[in-house]
Structures are given as C-alpha cells and as structure tokens.
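Observations on the three-dimensional arrangement
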Amino acid sequence: MNYDSARDYLLSKPESSEDFPFGPDVAVFKVKGKMFATLGTEPDEFGKPEGRMNLKCDPHEALILRDMFSAVSAGYHMNKKHWNTLALDGSIPAGEIERMIDNSFQLVVEKMPKRDQTSILVKLGQ
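The model shown is predicted, which means the values in this text are computed figures rather than measured ones.

A closer look at the nonpolar core
Membership of the largest hydrophobic core comes to 30 residues, with the highest contact counts inside it found for Phe36 and Met53. If you list the elements that add at least two residues to this core, you get helix 1 (3-12), strand 2 (26-31), strand 3 (34-43), strand 4 (49-56), helix 2 (59-68), strand 6 (83-88) and helix 3 (94-110). Among the elements that make up this core, the one with the highest residue count is helix 3 (six residues). For Met53, the residues in contact, after removing those within four places along its chain, are Ala6, Leu10, Thr38, Leu39, Asn84, Thr85, Leu86, Leu88, Ile97 and Ile101.

Describing the packing of aromatic side chains
The final tally for this structure, using the stated rule, is one aromatic pair. On the numbers, 5.2 Å between centres and 85 degrees between planes, the contact of Phe36 with Phe105 is edge-to-face. Residue Phe36 is located in strand 3, and its partner Phe105 is located in helix 3; the two are separated by 69 residues in the primary sequence.

Thoughts on the side chain of Lys13
Mapped onto the secondary structure, Lys13 falls in the loop between helix 1 and strand 1 (16-19). Each residue touching Lys13, except ones within four places of it in the same chain, is listed here: Phe36, Ile101, Asp102 and Phe105.

Thoughts on the side chain of Asn54
Its location among the elements puts Asn54 in strand 4. One polar contact links Asn54 to Thr85, side chain to side chain, over a distance of 2.4 Å. The residues contacting Asn54, other than those within four sequence positions of it, are Phe36, Ala37, Thr38, Gly75, Tyr76, Met78, Trp83, Asn84 and Thr85.

A few points about the pairing of strand 1
Here strand 1 pairs with strand 2 via four bridges, running antiparallel. Across the sheet, Glu18 pairs through a bridge with Phe29, a residue of strand 2. Turn length for the strand 1-strand 2 hairpin, with the two strands adjacent in sequence and antiparallel, is six residues, and the turn residue Gly23 shows positive phi of about 110 degrees.

A few points about the packing of helix 3 against helix 4 (residues 114-124)
Where helix 3 contacts helix 4, the axes come no closer than 10 Å and their chain directions differ by 145 degrees. Two packed elements cross with a definite hand, and for helix 3 against helix 4 that hand is left-handed. For the pair helix 3 and helix 4, contact is made by Phe105, Gln106, Val109 and Glu110 and by Gln117, Ile120, Leu121 and Leu124, respectively. Residues that form the contact of helix 3 with helix 4 fall into these classes: five nonpolar, two polar and one charged.

Here's the deal with helix 1
Listed in full, the buried residues belonging to helix 1 are Ala6, Tyr9 and Leu10. Looking straight down helix 1, one finds that the buried residues subtend no more than 100 degrees of arc, so they occupy a single side. Seen from the buried face of helix 1, the exposed residues on the opposite side, beyond 90 degrees, are Asp4 and Asp8. Its side-chain oxygen 3.1 Å from the backbone nitrogen of Asp4, Asn2 forms the N-cap of helix 1.

Overview of helix 4
Within helix 4 the residues assigned to the buried category are Asp116, Gln117 and Ile120. Looking straight down helix 4, one finds its buried side chains confined to an arc of 95 degrees; they lie on one side. In this structure, helix 4 carries Lys114, Arg115 and Val122 as exposed residues pointing more than 90 degrees from its buried face. Turning to helix 4, the residues buried within the fold contact strand 2 and helix 3. Positive phi appears at Gly125, one or two residues downstream of helix 4, with a value of about 80 degrees.

Rules behind the numbers
Residues numbered from 1 in each chain as written. Predicted model: local features only at pLDDT ≥ 70, side-chain atom pairs only at ≥ 80, totals over all residues. Heavy atoms only, no water. Core = buried A, V, L, I, M, F, W, Y, C linked by side-chain atoms within 4.5 Å. Buried < 20%, exposed > 50% of the residue type's maximum accessible area, 1.4 Å probe, protein only. Helix = DSSP H or I, 4+ residues; strand = E, 2+ residues; numbered from the N terminus. Contact = heavy atoms within 4.5 Å. Phe/Tyr/Trp six-rings, centres within 6.5 Å; stacked < 30°, edge-to-face > 60°. Polar contact = N/O pair within 3.5 Å; in protein donor to acceptor, adjacent residues only side chain to side chain. Pairing = 2+ DSSP bridges. Axes fitted to C-alpha atoms, helices over the stretch in contact; angles between N-to-C directions. Left-handed = near helix turned anticlockwise from the far one by under 90°. Nonpolar A, V, L, I, M, F, W, Y, C, P; charged D, E, K, R; others polar. Arc of directions from axis to C-beta.

Next comes the structure, spelled out in structure tokens:
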C-alpha cells in the first residue's frame with residue numbers, strides 16, 4: 001500500500017473527511033470531526049518520498065504490531081500508548097494495513113454518542 005491507495009481507503013470510510021490543520025504536508029482524516037488517522041510523507045533512505053501514517057490502536061495490540069513489523073513504531077507526535085506510525089514501504093501487506101485502518105476508525109466511532117455511531121454503523125451495514 002502506498003500513499004495514494006492509503007488515502008483512497010481512508011476516504012472510503014463512512015463520513016470520513018480530510019483536512020490539513022498542520023499545514024499542507026500532513027493530511028488529517030476525521031470521522032464526524034474526530035481524528036482517526038494522519039497521512040504524510042517522509043524521505044526514505046534514498047531520499048524518495050515514502051508515505052507515513054498514524055493510526056489509533058488498542059495499547060496491547062500496538063505493542064504487538066511494533067514487534068511484528070519493523071515498519072510500525074510508536075506514534076510520531078502522538079500519544080505513544082494509543083497510536084502507531086506506519087511506514088508505507090511495502091513491507092506490511094495491504095490487507096493488514098486496511099485492518100489497522102478499520103480498527104482505528106472503529107476505536108474512534110465507539111467513543112462517539114450513540115446517535116453518531118448509529119448513522120455510521122448503518123452505512124457500514126452493521
């Protein structure tokens with residue numbers, strides 16, 4: 001998964017939106033005004049731009065993912081207990097990244113008032 005495919009998947013989530021509150025280099029993805037991901041680029045070891053994404057995560061799972069994938073680290077500029085940073089360097093399978101995005105989205109939706117949750121869950125078919 002690269003920057004463009006990650007962006008497309010993030011925007012495919014019900015009621016998601018993209019904003020740039022930190023400047024043009026970092027996109028912030030929100031559901032009903034609540035952040036569930038950030039997406040930007042950093043130069044890789046050869047100077048080529050590489051996607052970087054922050055995702056919310058269960059604290060226990062966050063540690064497991066950091067152990068499993070060298071491209072997953074503690075959330076950059078985020079609460080390191082609840083957020084992971086992913087390097088979109090091709091080393092993490094696309095399906096696994098989609099699962100992490102889905103989990104981040106779900107964690108944020110679960111904290112919303114029931115009326116907001118309902119409108120999103122209906123769109124997800126749940």
